[in-house]
Each structure stands twice: as structure tokens, then as C-alpha cells.
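A closer look at the structure
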Amino acid sequence: MYDLPRRFTYGVIESYAAARGGEPVADGALLKYPGNQHSAEWYLFSDLNRPSEERIDSAVTRVMDPEEADLFYVPFFASLSLVANPVRSAAANATAAPDKTVYSDEQTQEALMDWLEEQIYWKRNNGWDHVFICQDPNALYKVIDRVKNGVLLVSDFGRLARNQASLVKDVILPYSHRINTFKGDAGLENRNSLLFFMGNRFRKEGGKIRDLLFQLLENEEGVIIKHGAQSRESRRAATQGMHTSKFCLHPAGDTPSACRLFDAIVSLCVPVIVSDYIELPFEDVIDYRKIAIFVDSTTATKPGHLAKLLRKVRPERILKFQKELLKVKRYFEYEDPNGTVKEIWRQIRSKLGVEFHFTLEELLVLGIRYSYILDKDLVVVIDLVM
């Protein structure tokens with residue numbers, strides 16, 4: 001893990017707090033990463049900073065000599081940097097005190113790459129063995145073409161081009177759940193609502209389906225569907241709703257994935273996924289057909305269809321879904337020692353020294369370079385360790 005200049009790690013936390021009127025913290029050890037759905041960058045950073053004797057079961061080992069490293073983790077808090085950036089920076093600059101600099105995410109991204117591209121281990125192969133976390137769909141957007149050779153840790157590919165990201169080299173991460181984990185066992189006794197959803201009704205791009213679903217479902221018996229933005233009060237209401245419902249709706253947002261899917265999983269509320277282009281975390285160890293119901297957008301927006309479909313699901317099958325959710329929910333708990341962080345490192349390690357086989361046509365779609373093409377009708381073998 002790079003020992004980055006402070007401005008790219010703890011400095012981002014300080015800038016985020018300052019943008020919201022927080023007081024400077026004299027003792028860096030007391031700095032707290034603000035709780036949000038993109039907290040993975042903090043958990044991975046903290047895990048690699050733990051003593052080696054506390055990480056004996058991890059799939060990766062941190063080495064202090066870069067000559068021994070297979071991969072180089074870049075712990076820039078890219079998602080937090082994005083939200084630390086003032087929305088109206090020009091106006092903020094105009095009103096800022098003369099001696100006060102307004103934080104700029106774009107400038108911070110550029111500065112990171114200027115620093116990184118001077119490092120000998122980056123120059124060795126142009127970042128192919130570097131790992132970046134950019135969980136917010138817009139994180140690192142300014143420099144994405146400068147980091148695309150590396151392993152990207154992302155929530156989905158909604159804002160990324162085919163020549164920037166793919167399942168071949170990158171890892172899909174779950175969002176940090178924002179509501180309290182359900183502490184009980186499988187059961188339907190207190191789950192009186194059929195279907196629950198609480199979130200922004202109006203989204204861009206693929207998320208436009210949300211408004212259609214609101215129109216179709218808001219008057220259905222047993223369905224609770226509410227418009228609501230992120231707030232402490234909304235999280236309390238969402239916790240109550242998910243913990244007392246049989247099914248939880250997961251429509252696409254501005255991009256295919258959203259934190260409500262993972263809120264549903266830790267609530268034992270069977271996810272109903274209406275997102276045609278979603279990529280899911282850890283699909284090699286989790287069979288999502290056992291824990292969720294998938295409905296394509298065209299079918300879901302037929303009047304009366306979705307509620308009718310869910311009412312037909314027998315109680316025994318819902319209980320089976322819940323029992324499977326209990327088995328896998330640790331994969332979505334970042335604070336569980338045997339949970340999300342451990343699985344992310346395993347996924348990253350799986351990118352090391354693996355041979356992938358593609359036709360020439362598939363290779364061209366993925367935009368992968370440094371490959372040896374045997375023949376246009378044969379396979380291509382790619383070793384990601386260059």
C-alpha cells in the first residue's frame with residue numbers, strides 16, 4: 001500500500017468536515033471517516049494498517065518492501081473526495097475568505113496522478129499492477145483513463161466505458177448498508193407488508209423506471225413505496241419498513257446498483273431486483289437466484305404484474321429465501337472479521353496471474369492490450385501480471 005501524501009487520505013476527511021463547518025481535529029488518530037454507503041475505501045485502508053498478526057486469514061499480505069509486492073494498493077479516498085467537493089465551487093470561491101482555499105476534487109485527482117506517475121513502480125508497467133477504489137460511480141471521473149489499466153474496485157459499470165472496466169480485471173463491491181442489521185431469525189410473523197421501497201422517486205438514465213414503478217405500485221394493497229432522501233429520519237423509517245416486509249424492491253438508480261439492495265439483504269427482506277444491467281458482488285460464491293427475485297423492466301412495468309407475482313410466492317419459499325440470506329449476509333457486513341473486507345481481498349487476489357481465454361472478437365470489445373493473438377478463430381491468453 002502506498003504511503004500517500006496526507007492530502008489524499010486523512011486530508012480528504014478533514015476537507016469533508018471543513019466543508020460542513022466542522023472544527024479541525026488536532027490529533028489525527030481521532031479523525032473519523034463519515035459513515036456513508038462508500039465506506040469500503042476506509043475499511044480497506046484500515047485493514048491494511050492493522051498489525052500483520054491480526055490479518056493471518058487474509059488473502060493478501062501487506063509487504064513494506066515494494067520489490068516484494070505483486071500488487072500496489074492506492075488508498076485515495078476517491079468517493080469521499082467527490083462529496084467533499086463543493087457543488088457550486090465557482091460561487092464558493094467568490095465568497096470564500098481570501099486566505100481560505102476551496103476544496104477541489106478535480107484538482108485532487110489530478111494531483112494524485114501527477115504524484116503517482118512519478119513513482120518507479122507505476123512507470124514499470126503503467127499501472128497494470130495497481131489497485132484503485134472508486135466506489136461512487138463518479139469517483140476518479142477526471143482521471144479514469146489514466147487509471148483504467150489497473151484493478152478498479154467499483155459498485156457497477158454504469159458510468160464506465162468498455163475499454164475502461166470489465167469483469168475480467170476489476171472487482172464489484174457491495175455498498176455499505178445504511179440501515180441496522182436485522183438481529184432475528186428467519187420468519188414471517190412480524191412481516192405484514194408485502195413489498196417495501198423508500199428512496200428517490202426521480203432518477204436519471206436507467207433509474208427512470210422508478211417513477212413508473214411508483215405509479216403502478218403506490219395504490220397496491222400491502223405495498224409501501226415512499227419517496228425519501230438520505231437522512232437519519234429516513235434511515236429509521238427504512239429500517240422499520242424493511243424489517244417488517246417480506247420483499248424489498250431494488251429498482252435501478254442513476255446506475256444499475258444502489259445501497260438498498262444490501263440494506264434489504266441484511267434485513268432478511270427478499271430483494272426484488274428490477275435492474276436489467278446490474279452486476280452483483282461476489283457472484284462466484286453467492287448464487288443470487290437463491291436470495292433474490294429478478295424481474296426484467298418490461299415485465300415489472302406491466303400494470304398489476306409485480307404485486308400479483310409476489311403474492312403468489314408461498315410462505316415456505318419466502319422462508320427458504322430468508323435462510324439463504326442468513327447464510328450469506330456476512331459478505332455484506334464490512335465490520336465482520338469474516339465479512340466483506342476479507343472477501344474483497346480474495347477477489348483482488350484472484351486477479352493475480354490468472355489466464356483468461358477469449359476470442360479475438362471478445363478481446364476487441366474489452367479493449368485489453370498486451371495480449372498475444374494466436375489466431376482470429378482461436379483463444380487469446382492474457383496474463384495480468386506483466
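Note that the structure is a prediction, hence the values are computed from the model and not measured.

Remarks on the overall build of the protein
Regarding its fold elements, the protein presents 15 helices and twelve strands. When contacts within the protein are restricted to residue pairs at least 6 apart in sequence, long-range pairs at least 24 apart make up 67% of them. Here the protein has roughly 19500 Å² of accessible surface; of this, 50% comes from carbon and sulfur atoms.

Quick word on empty space enclosed by the protein
The gaps left among the atoms become clear once a water-sized probe is rolled over them. For the structure on display, the rule yields three cavities of 30 Å³ or more. For the largest cavity, the calculated volume is near 130 Å³. Taken together, 15 residues line the largest cavity, and the ones lying closest to its centre are Met198, Gln230, Ser234, Ala238 and Arg260. Going through the elements one at a time, β5 (193–199), α9 (232–243) and α10 (260–266) are the ones with two or more residues in the lining of the largest cavity. Residues belonging to the lining of the largest cavity are distributed by class as follows: seven nonpolar, four polar and four charged.

Examining the side chain of threonine 9
Within the secondary structure, threonine 9 is located in the segment before α1 (10–19). The residues touching threonine 9, leaving out its near neighbours within four places in the chain, are Leu4, Phe45, Pro75 and Phe77.

Focus on the packing of aromatic side chains
If you walk through the whole model with that rule in mind, you get 18 aromatic pairs. Ring geometry for tyrosine 73 against tryptophan 345: centres 5.8 Å apart, planes inclined by 80°, an arrangement best described as edge-to-face. Taken as a pair, tyrosine 73 in strand β1 (residues 72–74) and tryptophan 345 in helix α14 (residues 340–349) lie far apart in primary sequence, 272 residues in all. Per residue, the accessibility class of tyrosine 73 equals that of tryptophan 345, and both read buried. Grouping aromatic residues by their ring pairs yields a cluster made of Tyr10, Tyr33, Trp42, Phe45 and Phe77.

Points about the sheet that holds strand β4 (residues 171–172)
On the basis of which strands lie adjacent, the open sheet formed by four strands has the order β1-β2-β3-β4 and parallel pairing. Each having just a single partner strand, β1 and β4 make up the two edges of the open sheet. Judged from the three bridges that link them, β1 and strand β2 (residues 130–133) form a sheet pairing that is parallel. What sits directly across from valine 74, in β2, is phenylalanine 132.

A word on the sheet that holds strand β8 (residues 270–274)
Sheet strands pair via backbone hydrogen bonds, and the direction of the pair is either parallel or antiparallel. Overall, parallel pairing links the five strands, which are arranged β6-β5-β7-β8-β9 in an open sheet. A single partner strand is all that each edge strand has here, and the edge strands are β6 (223–227) and β9 (293–294). Bridge count between β5 and strand β7 (residues 245–251): three bridges; the pairing is parallel. Bridging across to β7, serine 193 finds its partner in serine 245. Docked against the sheet, helix α8 (residues 209–217) engages β5, β6, β7 and β8, running at close to 135° with respect to β6. Contacting β5 and β7, α9 crosses the sheet at an angle of about 160° to β5.

Focus: the pattern of salt bridges
Counted by the stated rule, this structure contains 17 salt bridges. Here arginine 55 makes a salt bridge to aspartate 47, at a shortest N to O gap of 2.9 Å. One exposure class covers both arginine 55 and aspartate 47, and it is buried. A salt bridge links arginine 124 to aspartate 129; its shortest N-O distance comes to 3.4 Å. With a relative accessible area of 10%, aspartate 129 lands in the buried category. Residues joined in a network through salt bridges with shared partners are Asp47, Arg50, Glu54 and Arg55.

Some points on α14
Within α14, seven of the ten residues are buried, which leaves the element mostly enclosed by the surrounding structure. For α14, the complete set of buried residues consists of Thr340, Val341, Glu343, Ile344, Trp345, Gln347 and Ile348. The elements touched by buried residues of α14 are α2 (40–48), β1, β2, β3 (151–154) and β4.

Examining the packing of α2 against α14
Axis separation between α2 and α14 bottoms out at 10 Å; the angle between their running directions is 80°. By the angle between their directions, the pair α2 and α14 is classed as roughly perpendicular. Here Tyr43, Leu44, Asp47 and Leu48 of α2 come into contact with α14, specifically with Val341, Ile344 and Trp345. For the contact of α2 with α14, the class distribution of residues is six nonpolar, no polar and one charged.

Some words on the side chain of histidine 243
When you line up the elements, histidine 243 lands in helix α9. Relative accessible area serves as the criterion here: at 15%, histidine 243 is assigned to the buried category. If sequence neighbours within four positions are ignored, histidine 243 has contacts with Asn180, Thr181, Phe182, Asn190, Arg191 and Ser267.

Considerations on the nonpolar core
Leu153, Phe247 and Leu249 are the most contacted members of the largest nonpolar core, which has 99 residues in total. Ignoring sequence-local partners within four residues, the contact set of leucine 249 consists of Leu195, Phe196, Phe197, Leu213, Leu217, Ile225, Val272, Val274 and Leu306. With eight residues, the next largest nonpolar core counts Ile179, Phe196, Ala264 and Cys269 among its residues.

Rules of the game
- Residues numbered from 1 in each chain as written.
- Predicted model: local features only at pLDDT ≥ 70, side-chain atom pairs only at ≥ 80, totals over all residues.
- Heavy atoms only, no water.
- Helix = DSSP H or I, 4+ residues; strand = E, 2+ residues; numbered from the N terminus.
- Contact = heavy atoms within 4.5 Å.
- Areas by Shrake-Rupley, 256 points an atom, 1.4 Å probe, with all protein chains shown as cover.
- 1 Å grid on protein atoms, 1.4 Å probe; cavity = no way out; pocket = protein on both sides within 12 Å on 5 of 7 lines; lining within 4 Å.
- Points joined across faces, edges and corners; volume = space filled by probe spheres on them.
- Nonpolar A, V, L, I, M, F, W, Y, C, P; charged D, E, K, R; others polar.
- Phe/Tyr/Trp six-rings, centres within 6.5 Å; stacked < 30°, edge-to-face > 60°.
- Buried < 20%, exposed > 50% of the residue type's maximum accessible area, 1.4 Å probe, protein only.
- Pairing = 2+ DSSP bridges.
- Axes fitted to C-alpha atoms, helices over the stretch in contact; angles between N-to-C directions.
- Salt bridge = Lys/Arg side-chain N within 4 Å of Asp/Glu carboxyl O.
- Parallel < 35°, antiparallel > 145°, perpendicular 65-115°, else oblique.
- Core = buried A, V, L, I, M, F, W, Y, C linked by side-chain atoms within 4.5 Å.

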